[in-house]
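The lines below spell out each chain.
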Amino acid sequence: MLREERMEYLYDKSWTKKGPLLVIIIGVVTALWLLFNDSRMSLSLFIFCAAMLMPLLVATWHKIQLFLQFNDSSIYQRFIYLKGMLQFILLIGVISMMALYALKYISLDTLSLGCATLIASCLILESWVDWKILKIDDEHVVESLLGLMNREKRRK
(Lines give C-alpha, C1' and ligand atoms only; values in the text may rest on other atoms or scores of the structure.)
Protein backbone atom coordinates (compact mmCIF):
# COMPACT_ATOMS: atom_id res chain seq x y z
CA MET A 1 0.00 0.00 0.00
CA LEU A 2 1.43 3.38 -0.98
CA ARG A 3 1.87 6.26 1.45
CA GLU A 4 -1.05 8.24 -0.01
CA GLU A 5 -3.33 5.21 0.25
CA ARG A 6 -2.24 4.66 3.84
CA MET A 7 -2.92 8.29 4.67
CA GLU A 8 -6.41 8.05 3.17
CA TYR A 9 -7.05 4.81 5.07
CA LEU A 10 -5.87 6.34 8.35
CA TYR A 11 -8.01 9.43 7.73
CA ASP A 12 -11.10 7.34 6.95
CA LYS A 13 -10.58 5.10 9.99
CA SER A 14 -9.49 7.87 12.35
CA TRP A 15 -11.53 9.37 15.13
CA THR A 16 -12.33 12.57 13.25
CA LYS A 17 -15.93 11.57 12.57
CA LYS A 18 -16.91 9.50 15.59
CA GLY A 19 -14.19 10.67 17.97
CA PRO A 20 -15.96 13.37 19.97
CA LEU A 21 -18.88 11.10 20.82
CA LEU A 22 -16.61 8.23 21.86
CA VAL A 23 -14.42 10.58 23.90
CA ILE A 24 -17.47 11.86 25.78
CA ILE A 25 -18.81 8.34 26.38
CA ILE A 26 -15.44 6.99 27.56
CA GLY A 27 -14.86 10.04 29.77
CA VAL A 28 -18.29 9.88 31.41
CA VAL A 29 -18.12 6.11 32.00
CA THR A 30 -14.62 6.37 33.47
CA ALA A 31 -15.61 9.34 35.66
CA LEU A 32 -18.63 7.47 36.98
CA TRP A 33 -16.58 4.36 37.64
CA LEU A 34 -13.96 6.36 39.53
CA LEU A 35 -16.64 8.28 41.44
CA PHE A 36 -18.40 5.15 42.67
CA ASN A 37 -15.18 3.20 43.25
CA ASP A 38 -14.83 4.68 46.75
CA SER A 39 -11.48 6.28 46.11
CA ARG A 40 -9.95 8.85 48.45
CA MET A 41 -9.01 11.38 45.77
CA SER A 42 -11.04 14.49 45.10
CA LEU A 43 -13.94 14.45 42.63
CA SER A 44 -12.41 17.14 40.42
CA LEU A 45 -9.28 15.03 40.00
CA PHE A 46 -11.45 12.02 39.10
CA ILE A 47 -13.26 13.93 36.40
CA PHE A 48 -10.05 15.49 35.09
CA CYS A 49 -8.28 12.12 34.79
CA ALA A 50 -11.33 10.43 33.32
CA ALA A 51 -12.01 13.17 30.82
CA MET A 52 -8.38 13.52 29.70
CA LEU A 53 -6.51 10.27 30.17
CA MET A 54 -8.87 7.47 29.23
CA PRO A 55 -10.10 8.84 25.87
CA LEU A 56 -6.54 9.68 24.81
CA LEU A 57 -5.33 6.20 25.75
CA VAL A 58 -8.15 4.60 23.75
CA ALA A 59 -7.40 6.84 20.75
CA THR A 60 -3.69 5.95 20.96
CA TRP A 61 -4.50 2.24 21.15
CA HIS A 62 -6.81 2.61 18.13
CA LYS A 63 -4.06 4.32 16.13
CA ILE A 64 -1.56 1.57 17.01
CA GLN A 65 -4.00 -1.05 15.76
CA LEU A 66 -4.39 0.81 12.46
CA PHE A 67 -0.63 1.10 11.93
CA LEU A 68 -0.13 -2.62 12.64
CA GLN A 69 -2.25 -3.50 9.60
CA PHE A 70 0.23 -1.99 7.13
CA ASN A 71 3.16 -4.39 7.48
CA ASP A 72 3.45 -7.97 8.72
CA SER A 73 7.14 -7.73 9.59
CA SER A 74 7.80 -8.55 13.24
CA ILE A 75 10.45 -5.81 13.46
CA TYR A 76 8.01 -3.23 12.06
CA GLN A 77 5.35 -4.31 14.53
CA ARG A 78 7.80 -4.12 17.45
CA PHE A 79 8.68 -0.55 16.53
CA ILE A 80 5.00 0.35 16.22
CA TYR A 81 4.39 -1.10 19.68
CA LEU A 82 7.42 0.83 20.98
CA LYS A 83 6.04 4.04 19.50
CA GLY A 84 2.67 3.33 21.12
CA MET A 85 4.32 2.62 24.47
CA LEU A 86 6.15 5.95 24.25
CA GLN A 87 2.82 7.69 23.67
CA PHE A 88 1.26 5.83 26.62
CA ILE A 89 4.21 6.77 28.84
CA LEU A 90 3.92 10.41 27.78
CA LEU A 91 0.17 10.56 28.45
CA ILE A 92 0.27 8.71 31.76
CA GLY A 93 3.40 10.56 32.90
CA VAL A 94 2.06 14.06 32.24
CA ILE A 95 -1.38 13.34 33.72
CA SER A 96 0.22 11.66 36.75
CA MET A 97 2.45 14.65 37.35
CA MET A 98 -0.56 16.96 37.10
CA ALA A 99 -2.41 14.77 39.59
CA LEU A 100 0.57 14.83 41.96
CA TYR A 101 0.65 18.61 41.69
CA ALA A 102 -3.09 18.84 42.32
CA LEU A 103 -2.68 16.68 45.43
CA LYS A 104 0.21 18.94 46.58
CA TYR A 105 2.87 16.21 46.43
CA ILE A 106 5.12 18.18 44.06
CA SER A 107 5.72 21.88 43.47
CA LEU A 108 4.98 23.85 40.32
CA ASP A 109 8.70 23.98 39.48
CA THR A 110 8.96 20.20 39.71
CA LEU A 111 5.85 19.81 37.57
CA SER A 112 7.20 22.16 34.90
CA LEU A 113 10.64 20.58 34.80
CA GLY A 114 9.29 17.04 34.89
CA CYS A 115 6.73 17.63 32.14
CA ALA A 116 9.24 19.45 29.93
CA THR A 117 11.80 16.66 30.36
CA LEU A 118 9.22 13.94 29.74
CA ILE A 119 7.77 15.64 26.65
CA ALA A 120 11.17 16.41 25.13
CA SER A 121 12.53 12.91 25.71
CA CYS A 122 9.39 11.21 24.35
CA LEU A 123 9.39 13.42 21.23
CA ILE A 124 13.06 12.69 20.57
CA LEU A 125 12.54 8.95 21.07
CA GLU A 126 9.44 8.97 18.83
CA SER A 127 11.42 10.71 16.08
CA TRP A 128 14.12 8.06 16.39
CA VAL A 129 11.51 5.27 16.25
CA ASP A 130 9.92 6.86 13.15
CA TRP A 131 13.36 7.04 11.55
CA LYS A 132 13.91 3.32 12.27
CA ILE A 133 10.46 2.44 10.92
CA LEU A 134 11.13 4.42 7.73
CA LYS A 135 14.27 2.31 7.22
CA ILE A 136 12.12 -0.84 7.40
CA ASP A 137 9.06 0.46 5.54
CA ASP A 138 9.54 3.30 3.05
CA GLU A 139 5.79 4.01 2.92
CA HIS A 140 5.36 4.57 6.69
CA VAL A 141 3.13 7.54 7.55
CA VAL A 142 4.61 9.79 10.21
CA GLU A 143 2.43 11.87 12.54
CA SER A 144 3.31 15.19 10.90
CA LEU A 145 2.04 14.01 7.51
CA LEU A 146 -1.16 12.75 9.06
CA GLY A 147 -1.72 16.06 10.86
CA LEU A 148 -1.06 18.00 7.66
CA MET A 149 -3.57 15.86 5.78
CA ASN A 150 -6.20 16.36 8.50
CA ARG A 151 -5.80 20.15 8.26
CA GLU A 152 -6.07 20.07 4.47
CA LYS A 153 -9.20 17.91 4.58
CA ARG A 154 -10.87 20.26 7.07
CA ARG A 155 -10.20 23.27 4.86
CA LYS A 156 -12.04 21.71 1.93
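About the criteria used
- Residues numbered from 1 in each chain as written.
- Predicted model: local features only at pLDDT ≥ 70, side-chain atom pairs only at ≥ 80, totals over all residues.
- Heavy atoms only, no water.
- Helix = DSSP H or I, 4+ residues; strand = E, 2+ residues; numbered from the N terminus.
- Contact = heavy atoms within 4.5 Å.
- Areas by Shrake-Rupley, 256 points an atom, 1.4 Å probe, with all protein chains shown as cover.
- Expected span 1.5 Å × (residues − 1).
- Buried < 20%, exposed > 50% of the residue type's maximum accessible area, 1.4 Å probe, protein only.
- Phe/Tyr/Trp six-rings, centres within 6.5 Å; stacked < 30°, edge-to-face > 60°.
- Lys NZ or Arg CZ within 6 Å of the ring centre and 35° of its normal.
- Core = buried A, V, L, I, M, F, W, Y, C linked by side-chain atoms within 4.5 Å.

**As for the overall build of the protein chain**
Item 1. Along the backbone of the protein chain there are six helices and zero strands.
Item 2. Going from the N terminus to the C terminus, the protein chain shows its helices and strands as α-α-α-α-α-α.
Item 3. When contacts within the protein chain are restricted to residue pairs at least 6 apart in sequence, those whose partners lie at least 24 apart make up 74%.
Item 4. When the accessible surface of the protein chain is summed, it comes to about 10,000 Å², and 67% of that surface belongs to carbon and sulfur atoms.

**Things to note about helix α5 (residues 108–136)**
Item 1. Under the 1.5 Å per step criterion, the end-to-end length of α5 is 42 Å for 29 residues, consistent within 8% with the ideal 42 Å.
Item 2. Residues of α5 that are buried include every one of Leu111, Gly114, Cys115, Leu118, Cys122, Glu126, Val129, Asp130 and Ile133, and no others.
Item 3. Buried-residue contacts for α5 involve α4 (74–102).

**Observations concerning the packing of aromatic side chains**
Item 1. Counting across every chain of the model gives two aromatic pairs.
Item 2. On the basis of an interplanar angle of 75° and a centroid distance of 6.2 Å, the ring pair of phenylalanine 79 and tryptophan 128 is categorised as edge-to-face. With a gap of 49 residues between them, phenylalanine 79 in helix α4 and tryptophan 128 in helix α5 connect regions that are remote in the sequence.
Item 3. Residue phenylalanine 79 is classed as buried on the basis of its relative accessible area of 16%.
Item 4. By relative accessible area, which is 40% here, tryptophan 128 ends up partly exposed.
Item 5. Sitting above the plane of the phenylalanine 67 ring, lysine 83 keeps its charged end 5.7 Å from the centroid.

**Here we look at the nonpolar core**
Item 1. Phe67, Tyr76, Ile80 and Ile133 are the most contacted members of the largest nonpolar core, which has 16 residues in total.
Item 2. Mapped onto this core, the elements with two or more residues apiece are α3 (43–68), α4 and α5.
Item 3. In terms of residues, this core owes the most to one element, α4, which gives seven residues.
Item 4. If sequence neighbours within four positions are ignored, isoleucine 133 has contacts with Tyr76, Phe79, Ile80 and His140.
Item 5. With eight residues, the next largest nonpolar core counts Leu90, Met97, Leu118 and Cys122 among its residues.

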